[in-house]
Amino acid sequence: MSTDAALTFSDIIKNSVTSNFVSDIAISEVLVTMTMAFFIGFFIYLLYKRIFSGVLYSKSFNVTLIGITMVTSMIIIAINSNLVLSLGMVGALSIVRFRTPIKDPTDLIFIFWGAAAGIVVGAGFYSLAIVGSIMIGLVMFIFIKKSSFETPYLLVVNCDGDDSEKNILSLVHKHAKRYNLKQKTISQDNIEITLEVRVKDKESSFVNQISALVGVKNAVLISYSGDFVS
């Protein structure tokens, strides 16, 4: 009696594991899942293009986000369909290494987003994929796009003395929302100052006024992402 009970319990466990796997995949299921993965990947594509704030936009990287979403969903469909194949894929994918450098940490978020969306869609949780992607998209848009509304600039000025420096800072104080000194280099007959400047209404014409000041050798205004290494 105990042996039959043990065998029955073993069969229950075996059936519970294998019941989630099927020998074949319905074409309709594949089409629905891959279409859903495409639209979510396309949503990620459009959002990345809209809020990109780097120096050089890479269309190939952005298209890759769609591919990541669709390929990942296809892998999950295959894993859900066959127990032996799922174990083989886990072993095969564990040895894959990607060595493409990620220049912007924000790009890493989009890569993980595309992969996670593909996994969720492939597993059949369409509602989770849609709602989750919308929420992530809103957060990314608000925090990244909002920070780009007020573009920071680096103002690099070379002058010949303390009086010229005071005149420069006075003019910057008048035309900028706020500023702070990032770097100051003093050498013989030359002072180089680097200021982080937030201009008013994107008005940068005051740089010409700085260049016209007595004692100013040159003035350069540079747009940057907000990271500065002195």
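Nothing here was measured: the structure is a model prediction, and the numbers come from that model.

**Comments concerning the sheet that holds strand S4 (residues 216–223)**
- The sheet built from 4 strands is open, its strands ordered S2-S3-S1-S4 with antiparallel pairing. Taken across any chain shown, the strands that pair with only one partner, and hence form the sheet edges, are strand S2 (176–187) and S4. With strand direction ignored, the average angle separating the axes of adjacent strands in the sheet is 20°.
- Strand direction decides the pairing type here: strand S1 (residues 153–159) and S4, joined by 7 bridges, are antiparallel. Within the sheet, the bridge partner assigned to leucine 154 lies in S4 and is isoleucine 222.
- This element, helix H7 (residues 162–175), spans S1, S2, strand S3 (190–199) and S4 of the sheet and lies at about 160° to S2.

**As for the pattern of salt bridges**
- Applying the stated rule across the entire model yields 1 salt bridge.
- Here lysine 184 and glutamate 165 are joined by a salt bridge, their closest N and O atoms 3.1 Å apart. Of this pair, lysine 184 sits in strand S2 while glutamate 165 sits in helix H7, and the two are 19 residues apart along the sequence.

**Notes on the side chain of aspartate 107**
- Note that aspartate 107 resides in helix H5 (residues 105–122).
- Discounting residues that sit within four places of it in the chain, aspartate 107 has contacts with Tyr48, Phe61 and Ile102.

**What to know about the packing of helix H3 (residues 59–81) against H5**
- One way to put it is that H3 packs onto H5 with a least axis distance of 7 Å and a crossing angle of 30°. In terms of their interaxial angle, H3 and H5 are classed as roughly parallel. Considering the relative orientation of H3 and H5, their crossing is right-handed. Between H3, through Phe61, Leu65, Ile68, Thr69, Thr72, Ser73, Ile76, Ile77 and Asn80, and H5, the contact on the second element is made entirely by Asp107, Phe110, Ile111, Gly114, Ala115, Ala117, Gly118, Ile119 and Gly122.
- Its residues assigned to classes, the contact of H3 with H5 shows 10 nonpolar, 7 polar and 1 charged.

**Considering the packing of aromatic side chains**
- Tallied over the full model, the rule gives 8 aromatic pairs.
- The interplanar angle of 50° and the centroid separation of 5.7 Å between the aromatic rings of tyrosine 48 and phenylalanine 52 together place this pair among those described as tilted.
- For tyrosine 48, a relative accessible area of 4% puts it in the buried group.
- The partly exposed category is assigned to phenylalanine 52, whose relative accessible area is 24%.
- Plain terms: the ring middles of phenylalanine 110 and tryptophan 113 are 5.7 Å apart, the flat faces sit at 35° to each other, and that makes the pair tilted. Pair noted here: phenylalanine 110 and tryptophan 113 are both in helix H5, with a separation of 3 residues, about one helical turn.
- Its relative accessible area of 1% is what places phenylalanine 110 among the buried residues.
- An aromatic cluster of three or more residues is present, and its members are Phe43, Tyr48, Phe52, Phe61, Phe110 and Trp113.

**Digging into the confidence of the model for the protein**
- Confidence in the prediction of the protein, expressed as mean pLDDT, is 78, and 72% of residues score 70 or more.
- Averaged pLDDT values for the elements of the protein fall to 53 in helix H1 (residues 2–18) and rise to 92 in helix H2 (residues 27–51).

**Some points on the environment of arginine 178**
- Considering the arrangement of structural elements, one finds arginine 178 in strand S2.
- Remark: the alpha-carbon pair of arginine 178 and valine 197, spanning 19 residues in sequence, is separated by 6.2 Å.

**What to know about the nonpolar core**
- With 18 residues, the main nonpolar core has Leu155, Val157, Ile168, Val172, Val197, Phe206 and Ile210 as its most contacted residues.
- Only S1, H7, S3, helix H8 (206–211) and S4 provide two or more residues apiece to this core.
- For this core, the element with the most residues is S3, which contributes 5 residues.
- For leucine 155, the residues in contact, after removing those within four places along its chain, are Val172, Ile193, Thr194, Leu195, Val197, Phe206, Val207, Ile210, Val220 and Leu221.

Each value, and the rule that gives it
- Residues numbered from 1 in each chain as written.
- Predicted model: local features only at pLDDT ≥ 70, side-chain atom pairs only at ≥ 80, totals over all residues.
- Heavy atoms only, no water.
- Pairing = 2+ DSSP bridges.
- Helix = DSSP H or I, 4+ residues; strand = E, 2+ residues; numbered from the N terminus.
- Axes fitted to C-alpha atoms, helices over the stretch in contact; angles between N-to-C directions.
- Contact = heavy atoms within 4.5 Å.
- Salt bridge = Lys/Arg side-chain N within 4 Å of Asp/Glu carboxyl O.
- Parallel < 35°, antiparallel > 145°, perpendicular 65-115°, else oblique.
- Left-handed = near helix turned anticlockwise from the far one by under 90°.
- Nonpolar A, V, L, I, M, F, W, Y, C, P; charged D, E, K, R; others polar.
- Phe/Tyr/Trp six-rings, centres within 6.5 Å; stacked < 30°, edge-to-face > 60°.
- Buried < 20%, exposed > 50% of the residue type's maximum accessible area, 1.4 Å probe, protein only.
- pLDDT = per-residue confidence, 0-100.
- Core = buried A, V, L, I, M, F, W, Y, C linked by side-chain atoms within 4.5 Å.

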